[in-house]
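One-letter residues, chain by chain:
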Amino acid sequence: MGKKLKELAGEVKENQLASTVKDSAQQIWLAGLGAFAKAQEEGGKVFDALVKEGESIQAKTRKATDEKIAEVAGKATGTWDRLEQVFEDRVARALGSLGVPSKQDIDRLSRRVVDLSAAVQALTEGKPVAKVAAPRATVKSATQAAASVAQSVTAAKPAVRKPPLRKPAAAKPAAPVTPADVLNTLPKSGE
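Note that the structure is a prediction, hence the values are computed from the model and not measured.

Asks: What should I look at first to understand a nonpolar patch on the surface in this one?
Replies: There is a patch of nonpolar side chains on the surface, built from Phe87, Val91, Leu95, Leu98 and Val100 and spanning about 480 Å² of accessible area. With respect to the helices and strands, Phe87 occurs in helix H1 (residues 2–98).

Asks: In this structure, what is going on with helix H2 (residues 103–125)? I would like to understand it.
Replies: Because the α-helix completes a turn every 3.6 residues, residues three or four places apart line up on one side. The terminal C-alpha atoms of H2 lie 33 Å apart, and with 23 residues this matches the ideal 33 Å at 1.5 Å per residue to within 8%. Taken together, the buried positions of H2 are occupied by Ser117, Ala119, Gln121 and Ala122. Just beyond H2, the residue with positive phi is Gly126, at close to 80°.

Asks: In this structure, what is going on with the pattern of salt bridges? I would like to understand it.
Replies: Pairing is possible between side chains that carry opposite charge, provided their charged atoms lie close to one another. One pass over the full model with this rule turns up four salt bridges. A salt bridge links Asp105 to Arg108, with the shortest nitrogen-to-oxygen separation between them at 2.9 Å. Residue Asp105 and its partner Arg108 are located together in helix H2, separated by three residues, close to a single helical turn. The exposure class assigned to Asp105 is partly exposed, which follows from its relative accessible area of 26%. In this structure Arg108 comes out as partly exposed when scored by relative accessible area, which is 47%.

About the thresholds
- Residues numbered from 1 in each chain as written.
- Predicted model: local features only at pLDDT ≥ 70, side-chain atom pairs only at ≥ 80, totals over all residues.
- Heavy atoms only, no water.
- Patch = residues over 30% accessible without salt bridge, like charges linked within 9 Å, V, L, I, M, F, W, Y side chains within 5 Å.
- Areas by Shrake-Rupley, 256 points an atom, 1.4 Å probe, with all protein chains shown as cover.
- Salt bridge = Lys/Arg side-chain N within 4 Å of Asp/Glu carboxyl O.
- Helix = DSSP H or I, 4+ residues; strand = E, 2+ residues; numbered from the N terminus.
- Expected span 1.5 Å × (residues − 1).
- Buried < 20%, exposed > 50% of the residue type's maximum accessible area, 1.4 Å probe, protein only.

Nothing here speaks to function; it is geometry throughout.
Okay, structure coming up:
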């Protein structure tokens, strides 16, 4: 009989345990269904909230990125400007060492040609020449060169008496002399 009681008690315990497990599983299942239903109801709201949060983070990130890009671009521009200046200086030095005239030299010579053309024009028309402002060193060297040419000419030829100059009957107005006219009168490099 003791055995039978033990068996009955064991069966009761097993049945109670099985029903307890069965009840717990049922409750877990129902909780899962409730969570799923709740997620469906509030899922749209949560999704919208996440989208808004993502947009704000994206805006902050974009702003920080734009600031960083502007900073780097500013540094790069300064670097390129310095690099360009260094390059121009080196090219100017190299050209200067080769004897290639600079833009300032060409401009100065162009102004000088225009001034000399005006002086030649005035001399051909018989008008007094207005003094042209020239650097002292140029005037001195030109004066010295003219003096040495005059000395060599007088030393090479005996003095000859020149007949008096006659004035032309009527001077025709000469066409204005341009810098191109002056350049055309200069000897070519091969002559």
